[in-house]
Amino acid sequence: WDLERRTAIKQMLTAEKKAATGKKSPYLRAAGFCVELYATQLVERAMTQELMKNGDSEELRVMLGRIYLHNAQYEKCRQHLNDALSKDKKCAVAMTLLGHCAYMEADWQRYRCDRVLPPYKEAVQYYEKALQQKSPNIEMLQYIRLARIQIAARKYQEATDVLHRACKLQPSATTWLGVAICHFHLGQLQSNNAKHFEIAEEALQEAAILDSQNAEVWGLSCLISLAQSMPGGKVENVYQPKAEEAVTSLRQALLLGLSLSESFPTQASILEQAGMMMNKVSRFAESAAAIRRALDTAEVTAEAMHYALKVEAGDAFTMPDHLTVNKEGLVVMQDGTVINPNNRDACNNQLFNLCKIHGDTSELLNDMVSAANSYQKVIEVLQKNPNNPSNKTDLDLYLKKIVPVLETLGKSKEAAKYKKLRGNEAYTPGRTSSAASQKSGTASKPATGKTLKSTTGSH
């Protein structure tokens, strides 16, 4: 055993000499191994011995910064990494880790389209500095996180440059997906530029080769096909083969579990955009399916936000079993998502937009129960902020829309309640259930065997 140990050490030293890395302390080696195991106490003990035997060093500080970052001890992490930079101002590893620290402290890993954009300048500054060094720290995570921030901030060209570099270093489905997202949005910003859509399509082909089960790849493929089916953004002459491709891609994305949680979130989710664009090409069933999937996630978040606001106000209530409250007094969902009351407006806006699309689409499909439920949720959101002038206009519109839907369902008492809310004005339908029925060639009939879900006290 002793002979094998000496032989292994000799081989390691020979390899280091060839690589010109110099001799490395056994304490630093041990700490590097323990960092991967998240063994904080062992790393601290190893670094204490390193400090006593060999003195303070840049590597020692970086190692401590890394383990404290893993344990979300951000203050200690910053302290040690800043000490490392004071010893070597060009230490790219320390800059990258400081970027990760700022990224995680701002909770960027949980950012979604229904949340307020977290602060990002500090994280971007450190990531960009790390990549600009003569000896940059080649870590794929920093490329992906930097691009995620830039895409969320609508800096698509900068994100494209970062992701192309990542694809050259270590291509993956995620990096190619990011490239496709950037070019898709650049194409939309440049009046449906076909060249950007073609590049996005090629990037998605690369992503699908690397991971054919990626739901986001299929979802974005749907959006690009829909954009290509409407040259110049016009819906008069829809190119049907591309529209059919979009339908197939959306079905596959839904089958693979596409949701609001995305690798590169923007202000509107893939599902929401798919629902809106499917509406434009008169694919109402597919539009309803996409929006319904988005609503599944948004409604759960809205429920958690409802209880988060009660906690903040100090109200007495019974918390549902699937929600908990952490030490900071914030509501936590089953998947670990922390609900911040500051996100209430973004959460309400997301639910409002989805319910609007779902209600209108359901009415066109003659699904009056779903239409009534969605319109009720839209009205609830609008009533929470009645002083906003645009909300008053929208509220009047949706009070008009819900009345004939409820009457079709035989809910005359509820219809009368909404009539009273808008002052008993006469309702002139635009695209009502009867209009949808005439379009489909069928008569509107009251729904049977279905009950309208009550939304009293929800969200």
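What you see is a predicted model, and the numbers here were worked out from it, not measured in a lab.

### Description of the layout of surface pockets
Each pocket or cavity is described by its volume, and for the second largest pocket that value is around 320 Å³. For the second largest pocket, the lining is made up of 16 residues, of which Arg 344, Asp 345, Asn 348, Val 381 and Lys 384 are closest to its centre. Among the elements of the structure, α15 (284-313), α16 (344-364) and α17 (368-383) are those that each provide at least two residues to the lining of the second largest pocket. Looking at the lining of the second largest pocket element by element, the count peaks at 6 residues for α16. Grouping the constituent residues of the lining of the second largest pocket by class yields 7 nonpolar, 6 polar and 3 charged.

### Observations regarding unusual backbone geometry
It is generally the case that most residues other than glycine have a negative phi and that most peptide bonds are trans. Backbone geometry at Tyr 38 places phi at a positive 60°, although glycine is not the residue there. Even without a glycine there, the phi angle at Asn 366 is positive, about 65°. Along the chain, Asn 366 turns up in the loop between α16 and α17. Asn 366 sits in the partly exposed class, given a relative accessible area of 29%.

### A short note on the pattern of salt bridges
The full count for this structure, using the stated rule, is 16 salt bridges. For Asp 56, the salt bridge is made with Lys 87, and the minimal N-O distance between the two is 3.3 Å. Of this pair, Asp 56 sits in the loop between α3 (40-54) and α4 (58-70) while Lys 87 sits in helix α5 (residues 74-87), and the two are 31 residues apart along the sequence. Looking at Lys 87, the relative accessible area reads 43%, which means it is partly exposed.

### A short note on the packing of aromatic side chains
Ring pairs (aromatic) are described by centroid distance and by the angle formed between their planes. Enumeration according to the criterion identifies 6 aromatic pairs in this entry. Measuring from centroid to centroid gives 5.6 Å for Tyr 307 and Phe 317, while their planes differ by 35°, and the two rings are tilted. Separated by 10 residues along the polypeptide, Tyr 307 in helix α15 and Phe 317 in the loop between α15 and β1 (324-325) bring together distant segments of the chain. An aromatic cluster of three or more residues is present, and its members are Tyr 103, Trp 108, Tyr 111 and Tyr 120.

### Describing the sheet that holds strand β3 (residues 338-339)
Spatial ordering of the open sheet is given by β1-β2-β3, a layout of 3 strands whose pairing is antiparallel. A strand with exactly one partner marks an edge of an open sheet, and here the two such strands are β1 and β3.

### Concerning the nonpolar core
With 104 residues, the main nonpolar core has Trp 108, Ile 151 and Leu 220 as its most contacted residues. The greatest single-element share of this core, amounting to 10 residues, is contributed by α15. Once you skip the residues sitting within four places of it in the chain, Trp 108 turns out to touch Tyr 103, Leu 117, Pro 118, Pro 119, Tyr 120, Arg 148, Ile 149 and Ala 152. Counting residues in hydrophobic clusters, the runner-up holds 28 residues, among them Leu 60, Leu 85, Leu 98 and Tyr 126.

### A look at the packing of α3 against α4
α4 packs onto α3 with a crossing angle of 170° between their chain directions and a minimal axis gap of 10 Å. Viewed along their axes, α3 and α4 adopt a mutual orientation that is roughly antiparallel. You can see that α3 and α4 cross each other, and the crossing is left-handed. For the pair α3 and α4, contact is made by Thr 40, Val 43, Glu 44, Met 47, Glu 50 and Leu 51 and by Leu 60, Met 63, Leu 64, Ile 67 and Tyr 68, respectively. Classifying every residue of the contact of α3 with α4 by side-chain character gives 8 nonpolar, 1 polar and 2 charged.

### Quick word on the packing of helix α12 (residues 215-229) against helix α14 (residues 270-280)
Direction vectors running N to C along α12 and α14 enclose 30°, while the axes themselves pass 10 Å from each other. Considering their axes alone, α12 and α14 lie roughly parallel with respect to each other. Between α12 and α14 lies a crossing whose hand is left-handed. Judged by residue contacts, Glu 216, Gly 219, Leu 220, Cys 222, Leu 223, Leu 226 and Ala 227 of α12 engage Ile 270, Gln 273, Ala 274, Met 277 and Met 278 from α14. Grouping the constituent residues of the contact of α12 with α14 by class yields 9 nonpolar, 2 polar and 1 charged.

Rules of the game
Residues numbered from 1 in each chain as written. Predicted model: local features only at pLDDT ≥ 70, side-chain atom pairs only at ≥ 80, totals over all residues. Heavy atoms only, no water. 1 Å grid on protein atoms, 1.4 Å probe; cavity = no way out; pocket = protein on both sides within 12 Å on 5 of 7 lines; lining within 4 Å. Points joined across faces, edges and corners; volume = space filled by probe spheres on them. Helix = DSSP H or I, 4+ residues; strand = E, 2+ residues; numbered from the N terminus. Nonpolar A, V, L, I, M, F, W, Y, C, P; charged D, E, K, R; others polar. Buried < 20%, exposed > 50% of the residue type's maximum accessible area, 1.4 Å probe, protein only. Salt bridge = Lys/Arg side-chain N within 4 Å of Asp/Glu carboxyl O. Phe/Tyr/Trp six-rings, centres within 6.5 Å; stacked < 30°, edge-to-face > 60°. Pairing = 2+ DSSP bridges. Core = buried A, V, L, I, M, F, W, Y, C linked by side-chain atoms within 4.5 Å. Contact = heavy atoms within 4.5 Å. Axes fitted to C-alpha atoms, helices over the stretch in contact; angles between N-to-C directions. Parallel < 35°, antiparallel > 145°, perpendicular 65-115°, else oblique. Left-handed = near helix turned anticlockwise from the far one by under 90°.

Scope: geometric values only; no functional claims are made or implied.
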